[in-house]
Amino acid sequence: QKEVEQDPGPLSVPEGAIVSLNCTYSNSAFQYFMWYRQYSRKGPELLMYTYSSGNKEDGRFTAQVDKSSKYISLFIRDSQPSDSATYLCAMSKYNFNKFYFGSGTKLNVKP
Amino acid sequence: DAGVTQSPTHLIKTRGQQVTLRCSPKSGHDTVSWYQQALGQGPQFIFQYYEEEERQRGNFPDRFSGHQFPNYSSELNVNALLLGDSALYLCASSFSGTSDSYNEQFFGPGTRLTVL
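My aim in this report is to walk through the structure given alongside it, one point at a time. For clarity, every value in this text was computed on a predicted model and none was experimentally measured.

Comments concerning the overall build of chain B
Line of reasoning, step 1. Broken down by element type, chain B carries one helix and eleven strands.
Line of reasoning, step 2. Listed by position from the N terminus, the elements making up chain B come as β-β-β-β-β-β-β-β-β-α-β-β.
Line of reasoning, step 3. For 116 residues, the compact-globule formula gives about 13 Å, and the C-alpha radius of gyration of chain B, at 13 Å, lands near that figure.
Line of reasoning, step 4. With respect to the three principal axes, the spread of C-alpha positions in chain B is 40 × 25 × 25 Å.
Line of reasoning, step 5. Taking all 116 residues of chain B together, the buried fraction comes to 50%.
Line of reasoning, step 6. Sequence separation of 24 or more characterises 54% of the internal contacts of chain B that already satisfy a separation of 6 or more.
Line of reasoning, step 7. Accessible area of chain B: about 5300 Å², with a carbon and sulfur share of 49%.
Line of reasoning, step 8. When the 8 positive and 11 negative side-chain charges of chain B are each reduced to one mean point, those points stand 13 Å apart.

Okay, structure coming up:
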């Protein structure tokens, strides 16, 4: 069993929809949680970083962490065709620890 | 600020050969991590360099080695290449001053390695 699980999709939504992307994890030691966006044949781009449980909002993006359920989410409001990409979750266990990535969810926002 | 840069962009090698990939971190960053990303998969951590030393390592064989220079740039070396080493190799940099700055890792565009 992988330490971080992510539905590969693809997830197809119409422009303007609210998108929900999720990851689950098995190790309760994870404390730091990140979301990256990766366009085809490019390096990942950091979107959101959160520590421990709770919500964090940045523009159209909201990250949620539920440590009791070992579940993290990324919400995208008013989705745009330019949001079409693969979304990767990542997490680490303690300060300056290596990152564990999910396999990514491919999102397609249709005009 | 040029961000994280990597070279070369693409590389084709044959089995058994050796390869060296290079990474220049974002200005102000002192920590470099290397990842391997197979097609359709998430990045897998190879190792991390800080203060010119390997600070931590993932589950990769000794064929994978690296180096960090005084200017914080880094190299990834892979010996005795196998077909399975074909992947996108990503470099990420961060500043180890605080846990927040460390966890805000920025990735380069990657080097796509093909082993024939």
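Next comes the rest of the account.
Overview of the pairing of strand S11 (residues 105-110) of chain A
All names here are of chain A.
Line of reasoning, step 1. Only one face of S11 is buried, namely the one carrying Thr105, Leu107 and Val109, since none of Lys106, Asn108 and Lys110 on the opposite face is buried.
Line of reasoning, step 2. By the bridge criterion, three bridges tie strand S9 (residues 85-92) to S11 in an arrangement that is antiparallel. Across the sheet, the residue bridging to Tyr87 is Thr105, located in S11.

Notes on the sheet that holds strand S1 (residues 5-7) of chain B
Residue and element names in this part refer to chain B.
Line of reasoning, step 1. Pairing is antiparallel across the open sheet formed by four strands, whose spatial order is S1-S3-S8-S7. Two strands in the sheet have a free side with no partner beyond their single neighbour: S1 and strand S7 (64-68). Mean inter-strand twist for the sheet, computed between neighbouring axes without regard to direction, equals 20°.
Line of reasoning, step 2. Relative to strand S8 (residues 74-78), S7 is paired through five bridges, and the arrangement is antiparallel.

Some thoughts on the pattern of salt bridges
Line of reasoning, step 1. Throughout the structure, instances matching the rule amount to eight salt bridges over all chains.
Line of reasoning, step 2. Across the pair A:Arg37 and A:Asp83 runs a salt bridge whose closest N-O atoms are separated by 4.0 Å. Taken as a pair, A:Arg37 in strand S4 (residues 32-38) and A:Asp83 in the loop between strand S8 (71-76) and S9 lie far apart in primary sequence, 46 residues in all.
Line of reasoning, step 3. A:Asp83 gets classed as buried once you look at its relative accessible area, which sits at 1%.
Line of reasoning, step 4. Between B:Glu54 and B:Arg57 there is a salt bridge, and its shortest N-O distance comes to 3.1 Å.
Line of reasoning, step 5. Three or more residues joined by partner-sharing salt bridges are found here, namely A:Arg37, A:Glu45, A:Arg60 and A:Asp83.

Quick notes on the environment of A:Val65
Residue and element names in this part refer to chain A.
Line of reasoning, step 1. Checked against the element boundaries, Val65 lands in strand S7 (residues 61-66).
Line of reasoning, step 2. Considered as a pair, Val65 and Gly54 are eleven residues apart in the sequence and their alpha carbons are 5.3 Å apart.
Line of reasoning, step 3. The contacts of Val65, once residues within four sequence positions are left out, are Phe33, Thr50, Ser52, Ser53, Gly54, Tyr71 and Ile72.

Digging into the pairing of S4(A)
All names here are of chain A.
Line of reasoning, step 1. Most of S4 sits inside the fold, with seven of its seven residues counted as buried.
Line of reasoning, step 2. The alternating pattern of S4 places Tyr32, Met34, Tyr36 and Gln38 on one face and Phe33, Trp35 and Arg37 on the opposite face, and all of these are buried.
Line of reasoning, step 3. Taken together, the six bridges between S4 and strand S5 (residues 45-51) define a ladder with antiparallel strand orientation. Note that in S5 the partner of Tyr36 across the bridge is Leu46.
Line of reasoning, step 4. Following S4, the chain reverses through six residues before pairing antiparallel with S5; Arg41 in that reversal takes a positive phi of roughly 65°.
Line of reasoning, step 5. The sheet contact formed by S4 and S9 spans seven bridges and is antiparallel. Residue pairing in the sheet places Tyr36 in a bridge with Leu88 of S9.

A few points about the state of the cysteines
Formally, a disulfide is one covalent bond, and it connects the sulfur atom of one cysteine to the sulfur atom of another.
Line of reasoning, step 1. Under the defined criterion, the tally for this structure stands at two disulfides over all chains.
Line of reasoning, step 2. Each disulfide pairs two cysteine sulfurs, and for A:Cys23 the partner residue is A:Cys89, the sulfurs being separated by 2.0 Å. One quick way to see it: the torsion about the S-S bond of A:Cys23 and A:Cys89 is about -105°, and its sign makes the bridge left-handed. Linking A:Cys23 in strand S3 (residues 19-25) with A:Cys89 in strand S9, this pair joins segments that are 66 residues apart in sequence.
Line of reasoning, step 3. You can call A:Cys89 buried: its relative accessible area is 0%.
Line of reasoning, step 4. The disulfide partner of B:Cys23 is B:Cys91, and the gap between their sulfur atoms is 1.8 Å. A torsion of -50° about the S-S bond marks the disulfide between B:Cys23 and B:Cys91 as left-handed. On the criterion of sequence distance, the pair formed by B:Cys23 in strand S3 (residues 19-24) and B:Cys91 in strand S9 (residues 87-94) is long-range, its members being 68 residues apart.

What counts, and where the lines are drawn
Residues numbered from 1 in each chain as written. Chains lettered and ligands numbered in written order. Predicted model: local features only at pLDDT ≥ 70, side-chain atom pairs only at ≥ 80, totals over all residues. Heavy atoms only, no water. Helix = DSSP H or I, 4+ residues; strand = E, 2+ residues; numbered from the N terminus. Rg over C-alpha atoms; globule rule 2.2 N^0.38 Å. Buried < 20%, exposed > 50% of the residue type's maximum accessible area, 1.4 Å probe, protein only. Contact = heavy atoms within 4.5 Å. Areas by Shrake-Rupley, 256 points an atom, 1.4 Å probe, with all protein chains shown as cover. Lys, Arg positive; Asp, Glu negative; His and termini not counted. Charge placed at Lys NZ, Arg CZ, Asp CG, Glu CD. Pairing = 2+ DSSP bridges. Axes fitted to C-alpha atoms, helices over the stretch in contact; angles between N-to-C directions. Salt bridge = Lys/Arg side-chain N within 4 Å of Asp/Glu carboxyl O. Disulfide = S-S within 2.5 Å.

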